[in-house]
Amino acid sequence: SSEYVFDGGKGNYSELDSPNPTTVYGSQKLQIETYLSENYEDYAILRLAKVYGTDAQDGTILSQWLQQVKNGEEIRCATDQFFSPVHVDDVVDLAQAVVEQGLNGVFNTCGPERTGRLEMLETFLSHLGVTANVTPCSIKDFNFLDDRPRDLSMTPKKANREADWNPRTIDSCCEELAVGV
């Protein structure tokens, strides 16, 4: 599933918070969550935050920024959207733990901290040791079909507790990619 099942009004969502999607995508994800929970006792739903990697060619948010920095391009970055991005390897680790341990229910699959897009970019740039052509803007300045929720941050406490899962921090991932380039 997705963090987009939430409306972004409060942030720091747990699995106990009531979903209220404001996008078509989020509504579709909630329909699937509802169907599974109403029709099965043995199910597991990983509710994904923004997924990223630390491979310079993986096409995720950090590698996109890296290419923009290398190419001297302007980086338009929203200052008013917050999330709890999660490393792709941590997603795999949680999925494996849920299956191996036979866990059931919904699990927020997110990083351990709430951050803003601009804050994440600044962390990455500091690890790269460079300045970049960054233009702060609003998430509303992008031409999305639906308005994007402002604060989709989630807490992974249930996954931490039940699956003994500890996703890596944004800082450590930014450092990992910066060291590798």
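Note that the structure is a prediction, hence the values are computed from the model and not measured.

Asker: Quick question: what am I supposed to make of the pairing of strand 6 (residues 105-109) here?
Answerer: Regular strands place their side chains on alternate faces of the sheet. For strand 6, a buried count of five out of five residues is recorded, marking the element as mostly surrounded by other parts of the structure. When strand 1 (residues 44-48) meets strand 6, the two strands line up parallel, connected through five bridges. If you follow Ile-45 over to strand 6, its bridge partner there is Val-106.

Asker: I'm lost on the packing of aromatic side chains in this one. Help?
Answerer: Inspection of the entire model under this criterion finds four aromatic pairs. Both rings, one in Tyr-4 and one in Tyr-25, keep their centres 6.1 Å apart while their planes meet at 75°; by these two values the pair is edge-to-face. You can see Tyr-4 sitting in the segment before helix 1 (24-39) and its partner Tyr-25 sitting in helix 1, a full 21 residues away along the chain. Residue Tyr-25 is classed as partly exposed on the basis of its relative accessible area of 42%.

Asker: What am I meant to see in unusual backbone geometry here?
Answerer: Residues other than glycine predominantly adopt negative phi, and peptide bonds predominantly adopt the trans conformation. Of note in this structure, Asn-12 is not a glycine but carries a positive phi near 55°. The residue Asn-12 is located in the segment before helix 1 in this model.

Asker: For this particular structure, what's the right way to read the environment of Ala-163?
Answerer: Relative to the assigned elements, Ala-163 resides in helix 5 (residues 157-163). A relative accessible area of 6% means that Ala-163 is categorised as buried. Remark: the alpha-carbon pair of Ala-163 and Ile-139, spanning 24 residues in sequence, is separated by 34 Å.

Conventions used here
- Residues numbered from 1 in each chain as written.
- Predicted model: local features only at pLDDT ≥ 70, side-chain atom pairs only at ≥ 80, totals over all residues.
- Heavy atoms only, no water.
- Buried < 20%, exposed > 50% of the residue type's maximum accessible area, 1.4 Å probe, protein only.
- Helix = DSSP H or I, 4+ residues; strand = E, 2+ residues; numbered from the N terminus.
- Pairing = 2+ DSSP bridges.
- Phe/Tyr/Trp six-rings, centres within 6.5 Å; stacked < 30°, edge-to-face > 60°.

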